Amino acid sequence: MEASPKTLERVRAEIDAIDRDLAALVVRRLEAVREIAEAKRRTGQAVCDPTREEAILDAVGASAGDGFSDEVKTVFRTLFELAKSRQRAQLANTAKAGDLTLAIVGMGLIGGSFYKAGLRAGYDVLPLHHGEHAGLERADVVFVCLPPDVIVPWIRDHASAFKTGATVIDICGVKTAICRELAALPKAGWRFVGGHPMAGKEVTGFANATADLFLGKSMVLCPPTPEADVAALRRLFHSLGFAQVVVTTPERHDEMIAFTSQLGHVIASAYAQDPRVADSVGFSAGSFANMSRIATIDPETWAALYLADRPALLRVLDDFLGRLSTFRAALDARDESALKAFIAAGAEAKRRERERAREILSGTTADGGRA
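What you see is a predicted model, and the numbers here were worked out from it, not measured in a lab.

## Re the overall build of the chain
(1) Moving on: Counting secondary structure elements, the chain contains 12 helices and 7 strands.
(2) Moving on: Among the 371 residues that make up the chain, the fraction classed as buried is 37%.
(3) Moving on: Excluding contacts between residues fewer than 6 apart, the proportion of contacts in the chain whose partners are at least 24 apart in sequence is 71%.
(4) Moving on: As presented, the chain carries roughly 21,300 Å² of accessible surface, and 57% of it is formed by carbon and sulfur atoms.

## A closer look at the packing of aromatic side chains
Remark: the centre distance and the inter-plane angle together describe each pair of aromatic rings, the angle taken between the planes.
(1) Moving on: Under the criterion given, the structure shown has 14 aromatic pairs.
(2) Moving on: Relative to F288, the ring of Y271 has its centre 5.4 Å away and its plane inclined at 65°; by these criteria the two rings are edge-to-face. Of this pair, Y271 sits in helix α8 (residues 250–272) while F288 sits in helix α9 (residues 287–292), placing them 17 residues apart in sequence.
(3) Moving on: Taken together through their ring pairs, the aromatic side chains of F114, F143, F214, F237 and F242 make up a single cluster.
(4) Moving on: For the cation-ring pair, K116 lies above F206, with the distance from its terminal atom to the ring centre recorded as 4.6 Å.

## Remarks on the sheet that holds strand β1 (residues 101–105)
(1) Moving on: Taken in spatial order, the 7 strands line up as β2-β1-β3-β4-β5-β6-β7 in an open sheet, and their pairing is mixed. Because the sheet does not close on itself, it has two edges, and the strands there are β2 (124–128) and β7 (244–247). Each adjacent strand pair in this sheet contributes to an overall mean axis angle of 25°, direction not counted.
(2) Moving on: Those strands touched by helix α6 (residues 176–183) are β4 (167–170), β5 (191–197) and β6 (218–222), and its axis lies near 170° from that of β5.

## A short note on the pattern of salt bridges
(1) Moving on: With the rule as written, the count across this model stands at 12 salt bridges.
(2) Moving on: Put simply, E348 and R352 hold a salt bridge, and the shortest N to O gap is 3.6 Å. You can see E348 and its partner R352 sitting in helix α12 (residues 336–362), 4 residues apart, about one turn around the helix.
(3) Moving on: Exposure remark for E348: the relative accessible area of 32% places this residue in the partly exposed category.
(4) Moving on: One connected set of salt bridges, linked through shared partners, spans E348, R351 and R352.

Conventions we followed
- Residues numbered from 1 in each chain as written.
- Predicted model: local features only at pLDDT ≥ 70, side-chain atom pairs only at ≥ 80, totals over all residues.
- Heavy atoms only, no water.
- Helix = DSSP H or I, 4+ residues; strand = E, 2+ residues; numbered from the N terminus.
- Buried < 20%, exposed > 50% of the residue type's maximum accessible area, 1.4 Å probe, protein only.
- Contact = heavy atoms within 4.5 Å.
- Areas by Shrake-Rupley, 256 points an atom, 1.4 Å probe, with all protein chains shown as cover.
- Phe/Tyr/Trp six-rings, centres within 6.5 Å; stacked < 30°, edge-to-face > 60°.
- Lys NZ or Arg CZ within 6 Å of the ring centre and 35° of its normal.
- Pairing = 2+ DSSP bridges.
- Axes fitted to C-alpha atoms, helices over the stretch in contact; angles between N-to-C directions.
- Salt bridge = Lys/Arg side-chain N within 4 Å of Asp/Glu carboxyl O.

Rendered as structure tokens:
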């Protein structure tokens, strides 16, 4: 039966009152986020706390009952994203490491994004192309965003031009060879730190650079010694939008990047070269697009990266081919038990990885895994 006009008007008035109360509560919650962001800034905690988020979702879902559990969880997920966005914005506005001048050498996708993120954060940013060096002597932090084979020669050629006390950071995806060569380079009052932002796109060039490229991402640093002071750099990268800074050795970096990045790009390239690709439209629900998306990479840049990280990439590639061989043998033998075990092992490995990620991001690991 349709509601009478008076009943409809009464219900709408009730909803309006609820909305006003709800809006006031949302504002109060977001205001409390300011205090949380400040506390996290002081203690160096990550913005994201997946363990706490999951606990809240379980609690509010249970309190809402079966009829509205999913809808209430959706509302709270939106609140979480708003809260994290506000925390990151606040950290970007308060985490500056003093009045720094940044020099960005190389105006491609990554260099251009550092440039734009630096401007948004309020730094004095000096953009430099490969052949330029005017003003380099006044830069407190120099980001060298050049191709792998150019980084060491460029830094060597400009070693005498860096400001006393300056920090020079490369952003190359391979660290061992670069850090080894630059460790032996005489430095007159400046220091070198290897760096690698865990961010990117399948397109290149300054036109595709954005100030938001690093929001919520991880920055990996390889300082000259494990005990080197990187506190100021942590504040700098947080101010540029990074959610966390991971400090590791060049060797560990290269092993992990060979696995998490380079292997994936190799697989995508091989996958996209299959002749069936031409007829794939209409035959994929998304898996093909997801797996082949990163196949459109720059050949010169990535061939150089593969060769620079050759030992580590060969190791992870051999491990991967071994797992593929195991699957193929089970399939060829029609061994259903082995196929099920293979699939189950992958699902369990992914579950453990997600759990580990939650622990690290929430700072609950016994070994202090969160950077």
